[in-house]
Amino acid sequence: MPAEICVTLPDGTTKSLPSGSTGADLAASIGKRLARDAVVVEVDGEQRDLTRDLPEDAAVRIITAASDEGREVLRHSTAHVLAQAVLSLWPGARFAIGPAIDDGFYYDFELPDGQTFSEDDLERIEDKMREIVGADQPFVRAECSVDEGLEVFAEQPYKREIIERVESSEVAGDGSVSLYRNTEGFVDLCRGPHVPSTGRLGHFKLMKVAGAYWRGDEKGPMLQRIYGTAWESAKALEEHLERLRQAEARDHRKLGVELDLFSFPDEVGSGLAVFHPKGGLVRRLMEDYSRTRHEQAGYEFVYSPHITKSALFEQSGHLEWFADGMYPPMELDGGTDYYLKPMNCPFHILIYRNRLRSYRDLPLRMFEFGTVYRYEKSGVVHGLTRARGFAQDDAHIFCTHEQAEGEITRALDFVLGLLRDYGLTDFELELSTRPPEKAVGTEEEWDTATEILRRAAVAKGLDPVLDEGGGAFYGPKVSVQVRDAIGRSWQMSTIQLDFQLPQRFGLEYVGADNERHRPVMIHRALFGSVERFFAVLLEHYAGAFPAWLAPVQVRVLPVRADHHVYADRLVDRLLAEGYRADTVVADEPLGARIRRAKMEKLPYVLVVGDDDVAAGTVGVNPRGGEVERGVHVDDFVDRLAADVLAHV
């Protein structure tokens, strides 16, 4: 064995260390701070525990706690501490899986004798976890044979099932199983890596208890899932908890009730919303503005029915690739199956195919607010953001191969510009590629389509993040990820390039050479779902819609009953000029009426009294601003007009 080893660091420099040095030794040799912050090491692209020996001539990268990769390790390690705590507090409990997830982790359990967790148990579990953290127990990795692993987990059927499943990531493929032991009394099945010891953890909080089927199978056992979050510092944890508090206050389901915008009646069914007058008004304003912009951009409006014969979705491929997301068929007309539509695109294809097209007709841009229906499982239905019936603002562009890149660039410009008009300005693009086992068409076609999308995205200065295997079955897509006012990311608009459906439906156009050619098809949605976009805007603005979208833009409050005539005259003027205004009579104290208007998050409250009646002025109480006295009515109307025009 050589006395020293040499490793290569990310910047290309090399470092010599004594033979047998670990990742922790490497971090310490670079600096005290790095040694303190390091959680795992990456060796030749594979993450490993800091305590493992480094090989000769390896490319090595130290991963720190404050990175996304480091946080994932912290969370996975904290999940192990959660499992140890539960098994200590509930002897005989069985534990299943405990992965890291976005911003946190969970672990699934089955308690003895049918016991169940309550929210009150979380504090007790947290206390036990802090004892384990305080004990600074080492995470000790070991590898054993499958048979030995089965013996270790003889009393843990879920762990045994994981070991027995050949496709499990915990089984290395060479007949070995990796384990992590914290104490003689606790061992877990895991591929790792983990932090060196439990003392590296501690900034965590358990969030909630939920039910979860084992392996997501509704026919399998129902387990109990404990969710938690973990971070690299107390500050990071508190910032996350504050974001959650803000998110709870902004929850569109809560605001929908408080502001009387929409509801989900039990009589209608899960995931099916009805919009109330105020919510319907906001939705109409959103849709009307979008229609206007589409018309200006050269889109033509089409309409299609809500149901169709099964043959249409057989030809499109949806019944082969998307049947799990569709409602069951209705048998009509002597045995013909009809389906509620999950997509609008096959209908637009039929409109294109209705007559022979010339190259002079292309590009042909069709647009529809088409209601679609998707049978989401009850466990994933979530207000307007994951509904079973919703309207898509669907556009389909039929063009030549040569026109495709230009049309995608044009569509991307249109999408980003329109999102900015709705007040969403922080974007990131994601490029989703061919799903490995759920795709039609050749790899060459997919590669060509993917590269066209990538070039269009890069040309906008937005180098896309790669989403391997995330495309639709018929083509790759670019999706716009939008960050809202509190930093959450939402997938909004999508643009998909499709060579497949034009082939499946035999679409053609006559070229300048008088020969028949195959067009390509671009699928494009701005909102994605009108309902979901409504929910995102509602949460982004915390219910305080900008003046151009607010159901009521101005409320006029007379101080006393003898000011009613002046207030009514002012409301009449605002209505005549196209603004949305109302008044509340002085049958209760002014302060109470102002507070109610603020609870409704109105952009402007105007108070009128003696001086205003005499001078033709108003007292302006703007949302989030200082009260202004004696503002001339004409000046206020000009200000409101400017707000509406600027979409603020």
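Colleague: For this particular structure, what's the right way to read the sheet that holds strand S19 (residues 336-340)?
Modeller: Sheet strands associate in pairs through backbone hydrogen bonding, adopting either a parallel or an antiparallel arrangement. Strands sit in the order S17-S19-S18 across an open sheet of three strands; the sheet is antiparallel. In the strand order of this sheet, the two ends are held by strand S17 (307-309) and strand S18 (330-332), each with one partner. Direction aside, the axes of adjacent strands within the sheet are offset by 35° on average.

Colleague: Looking at this model, I keep getting lost on the confidence of the model for the chain. Mind explaining?
Modeller: Taken residue by residue, the chain gives an average pLDDT of 93. The fraction at 70 or more is 98%. Per-residue pLDDT stays below 50 along residues 167-172; that stretch engages in 13 contacts with residues further than four places along the chain or on separate chains.

Colleague: Just to check I follow, could you spell out the side chain of Thr78 for this structure?
Modeller: Examined against the element boundaries, Thr78 turns out to sit in helix H3 (residues 68-89). Owing to a relative accessible area of 2%, Thr78 belongs among the buried residues under this scheme.

Colleague: What is the right way to read the nonpolar core from this model?
Modeller: In this structure, Met286, Leu497 and Phe545 are the most contacted members of the largest nonpolar core, which totals 60 residues. Sorting elements by how many residues they give to this core places helix H13 (residues 401-421) first, with nine residues. If sequence neighbours within four positions are ignored, Met286 has contacts with Tyr422, Phe527, Val530, Phe533, Phe534, Leu537 and Leu549. Counting residues in each nonpolar core, the second largest holds 49 residues, with Leu82, Val86, Ile132 and Phe204 among its members.

Colleague: How should I be thinking about H3 in this particular structure?
Modeller: The periodicity of an α-helix, 3.6 residues per turn, causes residues three or four places apart in sequence to face the same way. Over its 22 residues, H3 extends 31 Å from the first C-alpha to the last, a length consistent with the 32 Å expected when each residue adds 1.5 Å. Counting buried positions over the 22 residues of H3 gives 16, a clear majority of the element.

Colleague: What is the right way to read the sheet that holds strand S9 (residues 140-145) from this model?
Modeller: Sheet architecture is open: three strands sit in the order S9-S10-S11, paired in antiparallel fashion. The open sheet terminates on both sides in strands that have one partner only, identified here as S9 and strand S11 (186-189). Strand after strand, the sheet turns through a mean of 35° between neighbouring axes, direction not considered. Packing against the sheet, H3 makes contact with strand S10 (176-183) and S11, and its axis sits at approximately 130° to S11.

Colleague: Looking at this model, I keep getting lost on helix H17 (residues 564-576). Mind explaining?
Modeller: The terminal C-alpha atoms of H17 lie 18 Å apart, and with 13 residues this matches the ideal 18 Å at 1.5 Å per residue to within 8%. Every buried residue of H17 is listed here: Tyr566, Ala567, Leu570, Val571 and Leu574. Relative to the axis of H17, the buried residues are bounded by an arc of 135° and lie together on one face. Exposed residues lying more than 90 degrees from the buried face of H17 are Val565, Arg569 and Ala576. On the buried face of H17, the contacting elements are strand S30 (554-558), strand S31 (581-583), strand S32 (604-608), helix H19 (610-615), strand S33 (617-622) and helix H20 (633-646). Phi turns positive, to about 95°, at Gly578, one or two residues after H17.

Colleague: Looking at this model, I keep getting lost on the environment of Val465. Mind explaining?
Modeller: Relative to the elements of secondary structure, Val465 occurs in strand S24 (residues 465-467). Spatially, the C-alpha atoms of Val465 and Arg454 are 9.9 Å apart, while their sequence positions differ by eleven residues. Those residues in contact with Val465, other than ones at most four positions away along the chain, are Glu428, Leu429, Glu430 and Leu431.

Colleague: Honestly, unusual backbone geometry in this entry has me stumped. Any pointers?
Modeller: Where the residue is not glycine, phi is negative for most of them; where a peptide bond is considered, it is trans in most cases. Residue Pro193 follows Gly192 across a cis peptide bond; omega there is 0°. Relative to the assigned elements, Pro193 resides in the loop between S11 and strand S12 (204-213). Unlike most non-glycine residues, Lys601 shows phi in positive territory, near 60°.

Analysis parameters
- Residues numbered from 1 in each chain as written.
- Predicted model: local features only at pLDDT ≥ 70, side-chain atom pairs only at ≥ 80, totals over all residues.
- Heavy atoms only, no water.
- Pairing = 2+ DSSP bridges.
- Helix = DSSP H or I, 4+ residues; strand = E, 2+ residues; numbered from the N terminus.
- Axes fitted to C-alpha atoms, helices over the stretch in contact; angles between N-to-C directions.
- pLDDT = per-residue confidence, 0-100.
- Contact = heavy atoms within 4.5 Å.
- Buried < 20%, exposed > 50% of the residue type's maximum accessible area, 1.4 Å probe, protein only.
- Core = buried A, V, L, I, M, F, W, Y, C linked by side-chain atoms within 4.5 Å.
- Expected span 1.5 Å × (residues − 1).
- Arc of directions from axis to C-beta.

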